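Survey of secondary and tertiary structure
What follows is the residue order along each chain.
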Amino acid sequence: QVQLVESGGGLVQAGGSLRLSCVVSGRTFSSYAMGWFRQAPGKEREFVAAINWNGGSTYYTDSVKGRFTISRDNAKNTVYLQMNSLKPEDTAVYYCAADRTRAVSHMYNYWGQGTQVTVSS
């Protein structure tokens, strides 16, 4: 059974930083690309960032470019999202997801339960 467990969310002031982690079990982590998504209250879930199987390729939505960094440690079965210069509009539940292929295909078939990030102004 594949499980994705996020952690690292919390309450932070605008301009602050948080690092989210997502530990994956039940599959060969290094064989698949990973992604981060978020969903704010009353809004649809949106793509935030993605990384291919070895970390050689990363992708970001425009609103987080230059502030967020996605990375992975295949030895620890973990993908990270470093979030700097946080803004109130970054407030959302953040989800990690596992892609179906090594390259980023945006075909995610496993999801975590989410972690809340709240940025106060």
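This section reports on the structure supplied with the text.

Criteria and cut-off values
- Residues numbered from 1 in each chain as written.
- Predicted model: local features only at pLDDT ≥ 70, side-chain atom pairs only at ≥ 80, totals over all residues.
- Heavy atoms only, no water.
- Core = buried A, V, L, I, M, F, W, Y, C linked by side-chain atoms within 4.5 Å.
- Buried < 20%, exposed > 50% of the residue type's maximum accessible area, 1.4 Å probe, protein only.
- Helix = DSSP H or I, 4+ residues; strand = E, 2+ residues; numbered from the N terminus.
- Contact = heavy atoms within 4.5 Å.
- Polar contact = N/O pair within 3.5 Å; in protein donor to acceptor, adjacent residues only side chain to side chain.
- Phe/Tyr/Trp six-rings, centres within 6.5 Å; stacked < 30°, edge-to-face > 60°.
- Lys NZ or Arg CZ within 6 Å of the ring centre and 35° of its normal.
- Salt bridge = Lys/Arg side-chain N within 4 Å of Asp/Glu carboxyl O.

Attention now moves to the nonpolar core. Grouped burial of nonpolar side chains is what soluble globular proteins tend to show. Of all hydrophobic cores here, the largest spans 27 residues; its most connected members are Met34, Trp36, Leu81, Met83 and Tyr94. Of all the elements in the fold, those that place two or more residues in this core are strand 3 (18-25), strand 4 (34-39), strand 5 (46-51), strand 7 (68-73), strand 8 (78-83), strand 9 (92-99) and strand 11 (115-120). Beyond its immediate chain neighbours, meaning those up to four positions away, Leu81 contacts Leu18, Arg19, Leu20, Trp36, Val48, Ala49, Phe68, Thr69, Ile70 and Tyr94. If you look at the next biggest cluster of nonpolar residues, it comprises 6 residues, including Phe37, Ala97, Val104 and Tyr108.

It is worth spelling out the side chain of Arg27 at this point. Checked against the element boundaries, Arg27 lands in the loop between strand 3 and strand 4. Within the structure, the side chain of Arg27 is placed 3.4 Å from the backbone oxygen of Asp99, a separation counted as a polar contact.

Under the counting rule described, the total for this entry stands at 4 aromatic pairs. Their ring planes at 75° and their centres at 5.7 Å tell us that Phe37 and Phe47 sit as a pair that is edge-to-face. Placement of Phe37 in strand 4 and of Phe47 in strand 5 is noted, with a sequence separation of 10 residues between them. In this structure an aromatic cluster arises from ring pairing among Phe37, Phe47, Tyr108 and Trp111. The lysine or arginine in question, Arg45, covers the ring of Trp111, its NZ or CZ lying 4.6 Å from the ring centre. Sitting over the face of the ring of Trp53, Arg102 holds its NZ or CZ atom 4.2 Å from the ring centroid.

Here we come to the pattern of salt bridges. For the structure shown, the criterion picks out 4 salt bridges. Where Asp90 meets Arg38, a salt bridge forms, and the shortest distance between an N and an O atom there is 2.9 Å. Of the two residues, Asp90 is situated in the loop between strand 8 and strand 9 and Arg38 in strand 4; the sequence distance between them amounts to 52 residues. Of the residues examined, Asp90 reaches a relative accessible area of 1% and is grouped as buried. Judged by its relative accessible area of 5%, Arg38 falls in the buried class. For Asp62, the salt bridge is made with Lys65, and the minimal N-O distance between the two is 3.0 Å. Its relative accessible area of 60% is what places Asp62 among the exposed residues. Here the salt bridges do not stand alone but share partners, grouping Arg38, Glu46, Arg67 and Asp90 into one network.

Along the chain, Gly35 falls in strand 4. On the basis of relative accessible area, Gly35 is assigned to the buried category, the value being 0%. Residues Gly35 and Tyr60, spaced 25 residues apart in sequence, show a C-alpha to C-alpha distance of 9.7 Å. With residues up to four places along the chain from it excluded, the contact list for Gly35 reads Ala49, Ala50, Tyr95, Cys96, Ala97 and Tyr108.

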